[in-house]
Amino acid sequence: MADLTTDDVLKLATLARLQLSDDEVAEYQRELGAILKYVEHLDDVDVSGLEPTSQVTGLTNVSRADEIIDYGYEPLDLLKNVPAVEKNLIKVKRMIG
Amino acid sequence: MSAWLPIATIAQKVQAGELKASELVEQALQAIASKAQFQAIIVSLDDAAHERAKDIDARIARGENVGRLAGVPFIAKDNFLVFGAETTAASNILKGFTAPYQSTVINKLEAEGAICVAKANLDAFAHGSSTENSDFFTTKNPHDETRVPGGSSGGSAAAVVLELTPFALGSDTGGSIRLPASFCGAVGYKPTYGLVSRSGVVAMASSTDTIGPLARTVDDAALVLDVIAGKDALDSTTIDRDAVSYTDLLGDVKGKKIGVIKEYMGEGLDQGVKACIEAAIEKLKAAGAEITEVSLPSLSAALAVYYIICPAEVSSNLARYDGQRFGFTSSDAESLDESYSKSRAVGFGKEAKRRIMIGTYVLSSGYYDAYYKKAQTVRTKIINEFEAIFAKVDFLLGPVAPMTAFKIGENVDDPLQMYLTDIMTVAVNMVGIPAVSIPAGVSDGLPVGLQLMAAQKADRALLGLAKASEELLV
């Protein structure tokens, strides 16, 4: 299962929105294979009767009152880090062909 | 002689008018400049720090009570948002990003009169054990410039040991406070998961990320923790803090039941590190601690669990860096999709990409159950083993890492070898318990850290044991 093909790596890169060079594809193919092989020794751990844990302190469904909180942020200040702005809107490339 | 008094004393003297905040800030900035060759700092915040110090001095002159950290300068790891300052997480993709708001912990520290004077280097996005994954430069170990300071909070640990400021902030997702504390010879405190708000700190692996102090003494670390701990509406994973101050420490080891983790003392442990830990155990025994050897059989799986869960959460948290709303954007793209993949390709470093790829793999359809769900289930098994042990002993003890600070460049070509430096720290993060690294001596001139752990929410008890141990080990 741990042996990754070039196509596997390219598919992952597409899913992760990362453009990789040919060298990077070869490198990640090798490195990811080694890392996945290492983590495979979890196959030997007996977990029968156990449930997965995603939260360790036992909190569930933390919610707050549905009220507007004013943090004092200025919308224009928040837009200062945006690479391309037009009329106070975030400008992006064409989405549909 | 030490460059800084204990933090509580500094604050008292500033409040009493015997020390000026502006002089302390100047001392810190001069120290930063004179120790620049260690490259612990990404950017110093001269103007903002001077301004804040002037304000504090003026308030004290007017008779105001400024707070428990009055005039105390500190350094934040560069994954903490500090209002108006560049926050890069040592990554190219965030280069030039100016924080439009700031972390809850910085707000809390400033409310008690502390002054942030600089941002410290780290492995980009806190991915690493040496600061060699910083997209900018590698921090040098204060004890040997050819060696790493540990990571990912390597800049913060080096800063404290170089005495640039009395304390620094770090984050610990798999050992990133404790490992550099061990490699540099600082006290590094990783609190119970959820005890300190992460609002305004660049997210890495949300189910294990914690925030904590690096300092020169346990007392200093406890005071900082007391200021930053507690529930925060902006971080829904935060938990209630102790009603009693974390500075109210019962520094006595007599009768304390301490388990030495057998799995951490065996094969692969450097002999010099082992000798320091064994000497510490003997001193604790002589002081009246009840020490037994304990076994956590599933610990051998903890690193594999971590290196599935961490990249999975990393790949999800780093999805927000799309080059559209903030951060680096590629100018060479025709479509939105191309802009995403080119911006991320240029903006992310090698290790961030590696973790995004692994995370994407273990979360992808067909592999989710075999990797991610399996890791989460083994995580339950590890948690159960720790709970069973904490029914028998009050604390656990072991090394922080199997080795002392390694040479710069020694592990960079082998990511798996680099991951193995975290082998004794990650279980704590999987279980969500508090742990601390305190200096336990030197091996071949390099510091060795002693790791102490306690059950969830037993932070005050753990700090008490750390303080008592620190006195024994000095």
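Look above for the structure.
The structure displayed is predicted, hence computed values, not measured ones. (Residues numbered from 1 in each chain as written. Chains lettered and ligands numbered in written order. Predicted model: local features only at pLDDT ≥ 70, side-chain atom pairs only at ≥ 80, totals over all residues. Heavy atoms only, no water.)

(A) Geometry of the overall build of chain A. In terms of helices and strands, chain A carries three helices and two strands. For 97 residues, the compact-globule estimate of 2.2 N^0.38 gives 13 Å, and the C-alpha radius of gyration of chain A, at 23 Å, exceeds that figure by more than 25%. Each principal axis of the C-alpha atoms in chain A carries an extent, and together these give about 55 × 45 × 25 Å. Looking at chain A as shown, the accessible area adds up to about 7,100 Å², and 51% of this sits on carbon and sulfur atoms. Charge-centre separation for chain A: the mean point of 10 positive side chains lies 13 Å from the mean point of 19 negative side chains. (Helix = DSSP H or I, 4+ residues; strand = E, 2+ residues; numbered from the N terminus. Rg over C-alpha atoms; globule rule 2.2 N^0.38 Å. Areas by Shrake-Rupley, 256 points an atom, 1.4 Å probe, with all protein chains shown as cover. Lys, Arg positive; Asp, Glu negative; His and termini not counted. Charge placed at Lys NZ, Arg CZ, Asp CG, Glu CD.)

(B) Broad picture of the interface of chain A and chain B. Facing 50 residues of chain A, the contacting portion of chain B comprises 68 residues. Summing the contributions of chain A and of chain B, the shared interface buries around 5,200 Å²; its carbon and sulfur component is 68%. Per-residue buried area on chain A facing chain B is highest for A:Leu42, A:Val56 and A:Asn81; these three make up 13% of the total on that side. Across the contact surface, chain A and chain B share four salt bridges. A:Glu27 is paired through a salt bridge with B:Lys350; the nearest N and O atoms lie 3.0 Å apart. Taken together, the connections running from chain A to chain B amount to 19 residue pairs in polar contact (both at pLDDT 80 or more). (Contact = heavy atoms within 4.5 Å. Buried area = accessible area lost by both parts, 1.4 Å probe. Salt bridge = Lys/Arg side-chain N within 4 Å of Asp/Glu carboxyl O. Polar contact = N/O pair within 3.5 Å; in protein donor to acceptor, adjacent residues only side chain to side chain.)

(C) Here's a closer look at the pattern of salt bridges. On inspection of all chains with the given rule, the structure shows 29 salt bridges over all chains. Residue B:Lys13 is joined to B:Glu18 by a salt bridge in which the shortest nitrogen-to-oxygen separation is 3.2 Å. On the accessibility criterion, B:Glu18 (53% relative accessible area) is exposed. Of the charged contacts, one joins B:Arg147 and B:Asp144 as a salt bridge, the two residues approaching to 3.0 Å between their closest N and O atoms. For B:Arg147, a relative accessible area of 19% translates into the label buried. Look at the salt bridges and you will find they share partners, linking A:Glu31, B:Glu351, B:Arg354 and B:Arg355 into a network. (Buried < 20%, exposed > 50% of the residue type's maximum accessible area, 1.4 Å probe, protein only.)

(D) Structural view of the sheet that holds strand E5 (residues 187-190) of chain B. All names here are of chain B. With mixed pairing, the eleven strands of this open sheet are ordered in space as E1-E3-E2-E4-E6-E5-E10-E11-E9-E7-E8. Each of the sheet's edge strands pairs with one partner strand only, and the pair in question is strand E1 (41-44) and strand E8 (290-294). Geometrically, the sheet is characterised by an average inter-axis angle of 30 degrees between neighbouring strands, direction not taken into account. Across five bridges, the pairing between strand E9 (residues 395-399) and strand E11 (residues 446-454) is antiparallel. (Pairing = 2+ DSSP bridges. Axes fitted to C-alpha atoms, helices over the stretch in contact; angles between N-to-C directions.)

(E) Just the packing of helix H1 (residues 6-15) of chain A against helix H2 (residues 22-39) of chain A, in detail. Residue and element names in this part refer to chain A. The geometry of H1 relative to H2 is characterised by a closest axis approach of 9 Å and an angle of 100 degrees between their N-to-C directions. By the angle between their directions, the pair H1 and H2 is classed as roughly perpendicular. Of the residues in H2, those in contact with Thr6, Val9, Leu10 and Leu12 of H1 are Val25, Tyr28, Gln29 and Leu32. (Parallel < 35°, antiparallel > 145°, perpendicular 65-115°, else oblique.)

(F) Structural context of the nonpolar core. All names here are of chain B. Ranked by internal contacts, the top residues of the largest apolar core, which has 178 residues, are Ile75, Leu109, Val117, Leu169, Phe386 and Leu396. A total of eleven residues in this core trace back to one element, the largest contributor, which is helix H9 (residues 302-317). Residues Val148, Leu179, Phe183 and Met418 belong to the second largest nonpolar core, which totals seven residues. (Core = buried A, V, L, I, M, F, W, Y, C linked by side-chain atoms within 4.5 Å.)

(G) Geometry of the pairing of strand E10 (residues 435-443) of chain B. Residue and element names in this part refer to chain B. The sheet contact formed by E5 and E10 spans three bridges and is antiparallel. Bridge pairing in E10 links glycine 188 to serine 437. In the sheet, E10 pairs with E11 via seven bridges, with the strands oriented antiparallel. Looking at the pairing, serine 437 lines up with glutamine 451 of E11. Connecting E10 to the antiparallel partner E11 that follows it, the hairpin turn spans two residues, and aspartate 444 within it adopts a positive phi of roughly 50 degrees.

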